[in-house]
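Architecture at a glance
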Amino acid sequence: MGEITNVMEYEAIAKEKLPKMVFDYYASGAEDQWTLQENRNAFSRILFRPRILIDVSKIDMNTTVLGFKISMPIMIAPTAMQKMAHPEGEYATARAASAAGTIMTLSSWSTSSVEEVASTGPGIRFFQLYVYKDRNVVAQLVRRAERAGFKAIALTVDTPRLGRREADIKNRFTLPPFLTLKNFQGLDLGKMDEANDSGLAAYVAGQIDRSLSWKGVLTAEDARIAVQAGAAGIIVSNHGARQLDYVPATIMALEEVVKATQGRIPVFLDGGVRRGTDVFKALALGASGIFIGRPVVYSLAAEGEKGVRRVLEMLREEFELAMALSGCRSLKEITRDHIVTEWDASLPRPVPRL
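Nothing here was measured: the structure is a model prediction, and the numbers come from that model. (Residues numbered from 1 in each chain as written. Predicted model: local features only at pLDDT ≥ 70, side-chain atom pairs only at ≥ 80, totals over all residues. Heavy atoms only, no water.)

Take the packing of helix α9 (residues 220–228) against helix α10 (residues 250–261) next. At their nearest, the axes of α9 and α10 sit 8 Å apart, and the two run at 40° to each other. Judged by the inter-axis angle, α9 sits oblique to α10. In terms of crossing hand, the pair formed by α9 and α10 is right-handed. Together, A220, E221, A223, R224 and V227 of α9 and E256, V257, A260 and T261 of α10 make up the contact between the two elements. The class makeup of the residues in the contact of α9 with α10 is five nonpolar, one polar and three charged. (Axes fitted to C-alpha atoms, helices over the stretch in contact; angles between N-to-C directions. Helix = DSSP H or I, 4+ residues; strand = E, 2+ residues; numbered from the N terminus. Parallel < 35°, antiparallel > 145°, perpendicular 65-115°, else oblique. Left-handed = near helix turned anticlockwise from the far one by under 90°. Contact = heavy atoms within 4.5 Å. Nonpolar A, V, L, I, M, F, W, Y, C, P; charged D, E, K, R; others polar.)

Now for the pattern of salt bridges. Enumeration according to the criterion identifies 16 salt bridges in this entry. One salt bridge in this structure joins D344 and R336, with 2.9 Å as the shortest N-O distance. Bridged by salt links that share partners, the residues E88, R95, E305 and R309 form one connected network. (Salt bridge = Lys/Arg side-chain N within 4 Å of Asp/Glu carboxyl O.)

Further remarks concern the pairing of strand β7 (residues 152–155). In regular strands, side chains alternate between the two faces of the sheet. Judged by which residues are buried, β7 turns out to be one-sided: A152 and A154 face inward and are buried, whereas I153 and L155, on the alternate face, are not. As defined by bridge partners, strand β6 (residues 125–129) adjoins β7 across four bridges and the pair is classed as parallel. Among the inter-strand pairings, Q128 is bridged to a residue of β7, identified as A154. Following the chain from β6 across helix α6 (residues 135–147) to the adjacent parallel β7, one finds a crossover that is right-handed. (Buried < 20%, exposed > 50% of the residue type's maximum accessible area, 1.4 Å probe, protein only. Pairing = 2+ DSSP bridges. Right-handed = clockwise from strand over helix to strand, strands pointing away.)

A few words on the layout of surface pockets. In this structure, the largest pocket spans a volume of roughly 970 Å³. Lining the largest pocket are 47 residues, and of these P78, Q128, T156, S237 and D270 lie nearest its centre. Sorting the residues of the lining of the largest pocket by element identifies α2 (20–27), β6, β7, β8 (234–236), β9 (267–270), β10 (289–292) and α12 (294–326) as the ones contributing at least two each. No other element matches β7, which puts four residues into the lining of the largest pocket. Split into classes, the residues belonging to the lining of the largest pocket amount to 28 nonpolar, 13 polar and six charged. (1 Å grid on protein atoms, 1.4 Å probe; cavity = no way out; pocket = protein on both sides within 12 Å on 5 of 7 lines; lining within 4 Å. Points joined across faces, edges and corners; volume = space filled by probe spheres on them.)

This is the structure we're talking about:
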């Protein structure tokens, strides 16, 4: 396999190792997959304005998320059904996150239960929640997550219906028979039937409540509603480009959301983060931290827990280097002036007087 030197390299290894139905489920975006490409491409249009001759011998990446101290602003996003990637699934991911001193968000649709993940040992964990039609199920899930020591709920608000992922339709995607959605076992919601298109889309149509008036937070309007509703934070996300195609890349939507919250609650980002430089750019645009999704399942497929640890290490090292080379010794020193975007071009910069 040779030495893995960056996060992107895990994707090809995962593709080789995984059954087509499984890899396609993890990899695909909605419809034309324009947003899927754009989530990555948009980062490459943001450039650095590094400051030099600053003593960067000590770099502090520590931060606090919703009151919890973590080692870096790089966290794990919820991704469904991780045991399809590796037999240890969410257990391995939980151990890797804990070893890296960061937060793991467990998906509602995990193939390990909240109790099982808690049993891996100490760690700061959040639970991602879809709001089911049966509010009783929702209440049970929240109570179980809380009892298992989970610290926050990440409420997914962009899925009144599932986005159209054509590979899943072609492959007639369904959860392999030896796996279950563990959090729903015993609630008669754990099994996914064969369907004549995507089994998951049929499952969502039957179970997810369409009456919620929130969408995935990509706009100033919804950011204000989130603040008014008492949300403790916002994750700017387009669901890994898996819901509505032709929404902007999250890095493009980020600043609008940050400005709308007026500093009242922290704003995070997921979608397309593959390099430490991406992390820096998100923080420069006002994010308090980022979450990674696909790199976790790809590295899990390739090397299990070791792969996920490696992804977190590589991103940490790259981010630290980006900070050092930009002249930032701590997260609070990362400012909007450290980057330049296309939409800055017309703004005259103050010229230093000599």
